[in-house]
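Structural overview for review
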Amino acid sequence: MRTDVIRIYKEVHTWTAILAGLALFVAFYAGAITMFKEPLARWATPPGTRVHEVPLERTPELMARTIEARPEVAQQFTLVVDGHEATPARLVWFQRGQVGAAVRGEVPQVWSASIDGSGALQLRPEQPSQLAELVDVLHRTAGIPGDMDIGMGFMGIVSALYAVALVSGVIVLLPTLIKDFFAVRLGKNLKRMWLDAHNVVGIVSLPFHLIMALSGVVFGMHDLFYDAQNELIYREELPQYFRAHSPFVPPPARSEPAAMMPPRQLLDLVHARAPGFAPTSMTYQHAGDTAASVLVRGTEPSYLLRTQGYLLMSAVDGSVLNSYYFPGERNSWTALASSFFSLHFGSFGGLSVRWSYFFLGLAGAFLFYSGNLLWIESRRRTARRDQPAPEQRRSTRLMAAGTVGVCLGCICGISGTIAAAKWLQGRVDNVAVWHMGLYYAVFLGSVGWSFLRGGAQAAVHLLWLASVFTLAIPLTTLLAWVFPSLGLWAHTSAAALSVDLSAAIGCLCFSWMALATARRVRHGPADSVWSAHTVTGPGRA
Amino acid sequence: MNAARLETRRAAIRPDWWSKTLAGVLAGFALAFALSGLFAFLTAGGPAAPNKFQVTMWFVAPAWMAALSLCFLFRSGLRAWLWLGGANVVAWAALYLCHRVAA
C-alpha cells in the first residue's frame, strides 16, 4: 500500500470520526438499551394490567360489547394475544383527538376495554409509560431536539460520515493488519495500547458496524431516496407499488354486515400454517363488515423478519389476504429487504442475539470513545526528563472535556430518567415531557460540568453520578417492595427483574471505572489532559 | 531507499479535499441512483416485482458510500470528477435505454 494513500485516508478517518463520534456514542449507547425495549416498558408500567381478565375464548363477547358501546371502534382495534405488564387489557384502540386527516406529531389517546369480575364492560383511557419510547427516540436522533425528521436526517448524515470512517479506518489498518490483529500491547506505551484496543474492536465487529452505518444512512434519508427514485425510475408510480403488496393496506369496507370468525379459530389457522410463529397481537379493520380483515403480528426467531412477521387474513372466514411478510412465504425481494431491517434491529435468533447486539452496541460506543482518546493522545505534549509537566494544548483539553461530558452525560441522563420512571408515574401530568426534560437537564449539566472542571476531574465525578443513578433503578424497585405505602411497584416477572439486575451490574461497572479513573487522575503521569496536576479547567491559558 | 525514489517518480496522490469530497457526495450520489435504476430494471421481475422497490432503495446507500469513501484514491480531484462523471454518463444512458425498452 502506498504511503500517500495511507496518509490521506488517515486524515479522512480523523475528520469523519471526530465529526460523527460523539453523536454515534449516544446512538450506540441508547441503541444497546433499546435491545431490551420491551422489558424496560414492562418494568416501567404501573401494575393493573387487566389482560388476563378476559381469556381469548371470551374475546368475541368483548369485541361485540365494546363495538356496541363505541361503534367507531369497529374501524380499527387490536386484540392482545401475548399479554404482559405493558399491555393494558385484552382489547386496545387508539382514539384521535380530532376528526379529519392525521396531523403530524399528533399523539392519539390509547383506550382499553375489558370485562371485570362482575361481568361489566370497562372502557378506560390509558397512560402508557413513555420511557422505552424515549430511549428509542434518543437512539434514532442522538438527542437532537425538535421534530423527529430533523434528528433522523442528522443521524443519516452522521451515518454517512461513519461509513466513510469505517472504510478509511480499514484502509489505514490494512498494511499492518496481520501484525497488529491479535496484539494488544499492554504496557508503558499507552497510545499503542489504546490503538490496539481500538483496532481489534473495530475489525472484530466490522460487519456489525457496516450494517449499522449503511442502514443508518437509509433510515435517515429514505424519504429523499424514495422521492428521487419515484421520479427517475418509477415514472411517479411508486405510491401504487407501495400499496400493492402491503399488509398494512386493508380492503375497503363494503357496508354489508357479516359474522366474525372467533379469534381463537383464526389463531388456530395461523398455527396450522406455521407452528413456529408466535402471534403477539391481532389488529382488526372494519370489524362486522363482509370485508373485515385482521392483521396478525408475531415473532419467529429462526427468520430474519422486519421487526415481526405479519399475516393479513379475512376476519370473516380466515382466508389469507396478504402473506408477503409471513415467515416462509415471503418472496425473495421481501425477505431480502426484511433482512436489512432485521440485521439492524437484532430481531432474529431470540434473546441470545439481543444480548450479542447489546454488547456489540456497547463495544461500538467504546470504539468512538477510544477514537477520541487516541486523537487527544497523539497531540499530547510530553514532559522532558526532570522538567515540570507542560501545559497541554487547548484543543486537546476541550476535546477531553467534550468527550467526557457528552459520553458520560448521555449515560447519566439515561440512567437518571429510567430511575425516575416509577416516581413520576401518577405524580406529574405529562410524564413524557418530564422524562425528556430530566434527560436533557442531566446531559447538559454534565457537559457544562465537564467544561468547567476539565475532563479529568469531571470524568470521576460523572462516573460516580452514573453509578448512583444506575443504582437508583433497582433501589426504587427494592423500596417499592419494602414500603408498599410509597405507591411505587415491583414487578416480579423475569423480564422486569432482569432490568433491575442489569442496572445493579451496570452500577458496579461504573463504580469500578470511577475508582480506576480517580487513580489515574491522582497518580498518573502529569503531562496529560487526564491528570489533575496540570488541568484545573480548559479556560486556563 | 529504492521504494522512496519510486514513490516520488509515481507522483504522490494530491489530497484535493474539496473537489474529491464534492465528487464523492454529488457525482457519487447521482451514480448510485442510476445504478439503483439499472438494478431495478435488469434484475428478475423488473421495477414492478412485488416489494422489490425496497431493495432498490436500500441499494443506493452502499453504492453511494462506496463512491464517497473510495474517491480519495483518485490521483487528483479532477480525475475523480472525470471518472465518476464518465461513469454517470454511461449509467444514465443505460437507464434511459431501459426506460425506452420498457415503454
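What you see is a predicted model, and the numbers here were worked out from it, not measured in a lab.

1. Quick look at the overall build of chain A
Each helix and strand counted, chain A has 16 helices and eight strands in total. Relative to the 2.2 N^0.38 estimate, which gives 24 Å for 541 residues, the radius of gyration of chain A is 27 Å and therefore close to what a compact globule would have. Projecting the C-alpha coordinates of chain A onto the three principal axes gives extents of approximately 90 × 60 × 40 Å. Burial analysis of chain A (541 residues in total) assigns 50% to the buried set. Within chain A, contacts between residues separated by at least 24 positions form 68% of all contacts whose residues are at least 6 apart in sequence. Of the roughly 25100 Å² of accessible surface on chain A, a fraction of 64% belongs to carbon and sulfur atoms. Separation of charge centres in chain A, based on 43 positive and 36 negative side chains, amounts to 15 Å.

2. A look at helix α3 (residues 52–70) of chain B
Residues lying three or four places apart along an α-helix face the same way, a consequence of the helix completing one turn every 3.6 residues. For α3(B), spanning 19 residues, the distance from its first C-alpha to its last is 28 Å, which sits close to the expected 27 Å at 1.5 Å a residue. By the criterion of burial, α3(B) is predominantly enclosed, with 15 of the 19 residues buried.

3. Topic: the packing of aromatic side chains
Applying the stated rule across the entire model yields 39 aromatic pairs over all chains. The interplanar angle of 45° and the centroid separation of 4.6 Å between the aromatic rings of Phe242(A) and Phe53(B) together place this pair among those described as tilted. Highlighted residues: Phe242(A) in helix α9 (residues 238–244) and Phe53(B) in helix α3, drawn from two different chains. Ring centres of Tyr439(A) and Tyr440(A) lie 5.5 Å apart, and the angle between their planes is 70°; on these two criteria the pair is classed as edge-to-face. We note Arg70(A) situated over the ring of Trp111(A); from NZ or CZ to the ring centre the distance is 4.4 Å. Sitting over the face of the ring of Phe341(A), Arg306(A) holds its NZ or CZ atom 4.0 Å from the ring centroid.

4. Remarks on the interface of chain B and chain A
Between chain B and chain A, the contact holds 44 residues from the first and 43 residues from the second. Across the chain B/chain A interface, buried area totals approximately 3900 Å², and carbon plus sulfur atoms make up 73% of it. Together, Phe53(B), Met57(B) and Trp58(B) form the three largest contributors to the area buried by chain B at its contact with chain A, with a combined 20%. For the pair chain B and chain A, the number of links is zero salt bridges.

5. Observations regarding unusual backbone geometry
Residue and element names in this part refer to chain A. Positive phi is not limited to glycine here, since serine 255 has a value of about 60°. Inspection of the secondary structure assignment puts serine 255 in the loop between α9 and α10 (263–273). Take serine 255: its relative accessible area is 67%, and that puts it in the exposed class. Look at histidine 286: it is not a glycine, yet its phi comes out positive at around 55°. Turning to its location among the elements, histidine 286 is positioned in the loop between β5 (278–285) and β6 (293–299).

6. Describing the nonpolar core
Residue and element names in this part refer to chain A. Ranked by internal contacts, the top residues of the largest apolar core, which has 119 residues, are Trp43, Phe225 and Ile414. The greatest single-element share of this core, amounting to 16 residues, is contributed by helix α1 (residues 3–34). Non-local contacts of tryptophan 43, meaning those with residues more than four positions away in its chain, are made with Leu131, Ile418, Ala421, Lys422, Ile473, Thr477, Trp489, His491, Ala496, Val499 and Asp500. Formed by 29 residues, the second largest nonpolar core is a distinct cluster that contains Phe77, Leu91, Ala274 and Phe326.

7. Digging into the sheet that holds strand β4 (residues 121–126) of chain A
All names here are of chain A. Strand order in the open sheet formed by eight strands is β4-β3-β2-β1-β5-β6-β7-β8, with antiparallel pairing between adjacent strands. Each edge of the open sheet carries a strand with a single partner, namely β4 and β8 (320–322). Sheet twist, expressed as the average angle between the axes of neighbouring strands with direction ignored, equals 30°. Relative to strand β3 (residues 109–115), strand β2 (residues 91–95) runs antiparallel, the two being bridged by five bridges. When the bridges of β3 are listed, glutamine 95 appears paired with glutamine 109. Along the sheet face, α10 touches β1 (76–80), β5, β6, β7 (309–314) and β8 and points at about 130° away from the line of β5.

8. Points about a nonpolar patch on the surface
On the surface, Trp423(A), Leu471(A), Leu475(A), Leu478(A), Trp481(A), Val482(A), Phe483(A) and Leu486(A) cluster together into a nonpolar patch covering about 770 Å² of accessible area. With respect to the element layout, Trp423(A) can be found in helix α13 (residues 394–424).

9. Thoughts on the pattern of salt bridges
Residue and element names in this part refer to chain A. For the structure on display, the rule yields 16 salt bridges over all chains. Across the pair arginine 42 and glutamate 38 runs a salt bridge, and its minimum N-O distance is 3.6 Å. Placement of the pair is arginine 42 and glutamate 38 together in helix α2 (residues 37–44), with a separation of four residues, close to one helical turn. Of the charged contacts in the structure, one is a salt bridge between glutamate 126 and arginine 124, with a shortest N-O distance of 3.1 Å. Since its relative accessible area comes to 14%, glutamate 126 is described here as buried. Within this structure, Lys37, Glu133, Asp136 and Arg140 form a network of salt bridges that share partners.

10. So, the confidence of the model for chain A
Low pLDDT marks stretches whose predicted atomic positions should not be read closely. Residues at a pLDDT of 70 or more form 96% of chain A, whose mean pLDDT is 91. Low pLDDT (under 50) marks residues 535–541 of chain A, which in the prediction has 21 contacts with non-local residues, meaning those over four places away or in another chain.

11. So, the pairing of β2(A)
Two strands pair when backbone bridges link them, and β1(A) and β2(A) are joined in this way by two bridges, in the antiparallel orientation. Opposite Leu79(A), over in β2(A), you have Leu91(A) as the bridge partner.

12. Thoughts on the side chain of Asn372(A)
Residues and elements named next belong to chain A. You can see asparagine 372 is positioned in helix α12 (residues 351–377). Look at asparagine 372 and you get buried, because its relative accessible area is 3%. Aside from chain neighbours lying at most four places away, what touches asparagine 372 is Ile18, Leu22, Met399 and Thr403.

13. Here we look at the pairing of β3(A)
Where a strand is regular, its side chains alternate between the two sheet faces. Residues and elements named next belong to chain A. Across the seven residues of β3, six count as buried, placing the element largely inside the fold. Sheet analysis places β3 next to β4, joined by six bridges and oriented antiparallel. Residue serine 114 lies in a different strand from β4, and its bridge partner there is glutamine 122.

Rules of the game
- Residues numbered from 1 in each chain as written.
- Chains lettered and ligands numbered in written order.
- Predicted model: local features only at pLDDT ≥ 70, side-chain atom pairs only at ≥ 80, totals over all residues.
- Heavy atoms only, no water.
- Helix = DSSP H or I, 4+ residues; strand = E, 2+ residues; numbered from the N terminus.
- Rg over C-alpha atoms; globule rule 2.2 N^0.38 Å.
- Buried < 20%, exposed > 50% of the residue type's maximum accessible area, 1.4 Å probe, protein only.
- Contact = heavy atoms within 4.5 Å.
- Areas by Shrake-Rupley, 256 points an atom, 1.4 Å probe, with all protein chains shown as cover.
- Lys, Arg positive; Asp, Glu negative; His and termini not counted.
- Charge placed at Lys NZ, Arg CZ, Asp CG, Glu CD.
- Expected span 1.5 Å × (residues − 1).
- Phe/Tyr/Trp six-rings, centres within 6.5 Å; stacked < 30°, edge-to-face > 60°.
- Lys NZ or Arg CZ within 6 Å of the ring centre and 35° of its normal.
- Buried area = accessible area lost by both parts, 1.4 Å probe.
- Salt bridge = Lys/Arg side-chain N within 4 Å of Asp/Glu carboxyl O.
- Core = buried A, V, L, I, M, F, W, Y, C linked by side-chain atoms within 4.5 Å.
- Pairing = 2+ DSSP bridges.
- Axes fitted to C-alpha atoms, helices over the stretch in contact; angles between N-to-C directions.
- Patch = residues over 30% accessible without salt bridge, like charges linked within 9 Å, V, L, I, M, F, W, Y side chains within 5 Å.
- pLDDT = per-residue confidence, 0-100.

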